[in-house]
Every structure is written in C-alpha cells, then in structure tokens.
Amino acid sequence: SFSLKKNESKKVDINFDSKDTLAGHYEAKLRISSNGGNHDIQLNFEVTREKIIIELKIGSNSALVSGKKITVDPPPYIKNGVTLVPLRFISEAFGAEVNWEPNIGKGTVIIKLESKVIQIEIGNITAFVDGVPYKLLVPPEIKNGRTFVPLRFISEAFGAEVEWIASEQKIIIVFWIFFW
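Residues numbered from 1 in each chain as written. Predicted model: local features only at pLDDT ≥ 70, side-chain atom pairs only at ≥ 80, totals over all residues. Heavy atoms only, no water.

1. Topic: the layout of surface pockets
Note the threshold: Definitions used throughout: a 1 Å grid over protein atoms alone; a cavity as a set of points that fits a 1.4 Å probe which cannot get out; a pocket as an open set with protein on both sides within 12 Å along at least five of seven lines; a lining residue as one with an atom within 4 Å of a point. Grid points are joined across faces, edges and corners, and a volume is the space filled by probe spheres set on the points. Secondary structure elements are taken from DSSP: a helix is a run of H or I of four residues or more, a strand is a run of E of two residues or more, and numbering for both begins at the N terminus. Under the convention adopted here, Pro, Cys and the residues Ala, Val, Leu, Ile, Met, Phe, Trp and Tyr are nonpolar, Asp, Glu, Lys and Arg are charged, and Gly plus all remaining residues are polar.
Taken as a whole, the second largest pocket spans an internal volume of roughly 400 Å³. Together, 20 residues line the second largest pocket, and V82, L137, L151, R152 and F153 are the ones closest to its centre. If you list the elements that add at least two residues to the lining of the second largest pocket, you get β6 (82–86), β11 (132–135), α2 (151–157) and β14 (161–165). Per element, the largest residue contribution to the lining of the second largest pocket is five residues, and it comes from α2. Of the residues assigned to the lining of the second largest pocket, the class counts are 14 nonpolar, two polar and four charged.

2. A look at the pattern of salt bridges
Selection rule: Whenever a carboxyl oxygen of Asp or Glu lies within 4 Å of a side-chain nitrogen of Lys or Arg, that contact is scored as a salt bridge. Using a 1.4 Å probe on the protein chains alone, a residue whose accessible area is under 20% of its type maximum counts as buried, one over 50% counts as exposed, and one in between counts as partly exposed.
In the structure shown here, the tally under the stated rule is five salt bridges. Ionic pairing is found between R152 and E156, a salt bridge with its closest N-O pair at 3.0 Å. With a gap of four residues between them, R152 and E156 both fall in helix α2, about one helical turn apart. Note on E156: relative accessible area 42%, which makes it partly exposed.

3. Concerning the side chain of T147
Basically, it comes down to this: It only takes one pair of heavy atoms within 4.5 Å for two residues to be counted as in contact.
You can see T147 is positioned in strand β13 (residues 146–150). Ignoring sequence-local partners within four residues, the contact set of T147 consists of V85, P86, L87, W100, V109, I122, E141 and I142.

4. Things to note about the environment of V129
Along the polypeptide, V129 turns up in strand β10 (residues 126–129). The class of V129 is buried, set by a relative accessible area of 8%.

Given below as structure tokens:
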C-alpha cells in the first residue's frame, strides 16, 4: 500500500515463482484501488516446463544433453565413490553462470542458476548453497588444468534428479526448467 501525489510515480514489481506451479495457462486480475475508484488489469501468462536430460558415462568423452551429443573433455571419473565432472560441462548443461574467484581460498567457484547460488572452494569439503553450508564427500579439484566438481551435489543443489546405473557406469540427470 502506498500513496502518490500529482506527477509522482512508483514502480511496482510483481514476482511469480513458477517452480511449484503446474504447466498451463493462468489468468489473474491486478486491482488498483484509489479514492477515485478501482481499475482492474487482466494478467495472462503461460507456464511451460522443459525437461533436460543429461546422460554421462564414466571415462567417456561423449555425453547426451537432451538428445544432443556433446564432447566432455576430459571425461568424468570416480574418486572415493563420488563421480566428478568438469565444472564447465555440467554448468553449461544446466544453463548456469560460472564465476572464478582466485583470491578466495585455493580458488573458489560461484555457480548461479536463476536465484540459486552454489559456492565451492577447490580442496574444501564445505560448499554453500544459498549461503547454507553442506559437507561434500570429496572436495572439488583441479586435474590436468580443469576444475572437477561432485556431480550429484551440483545436480541436486539445482533441484535435478540423479540416477546411477552401476552395470553401465552411467549417470542420468533429469532437470526441469520453468518458463512463463
């Protein structure tokens, strides 16, 4: 609630979080009330979901991202029971933004996807998701000049589902992107 005088203006932002909303068409009315009466503005929007499926195999330079063949260089590997993947590959597959902060610890990576922020430090088993600390089973590391991160941690931090098929040494990640 606010008041305006003649020749004044105010910007009003309406935020709609569609993450827990089913796909479909939505309508709403925005009512502006004043001492001069009410004015309704019709709002119409469409919420759509896009499913991203990422398929990887341990030791393989080939991956599928929503059916499109992508080269993973170098390939994912397992260390102490944890799958590590190149940071650049997994971040780009999710559509995330990656920033490198060389002056924080041994080097810190900040990964942003929409409002979600993951902060991981090379060699450190404590990572942060939106400021909340999490313990990693293995720390991120640099191998052959590339930064590797724990696949399951990054994927699940973004809300993706991860499936491990041991007999094929294959990982399937399913991630939904919402648009409106």
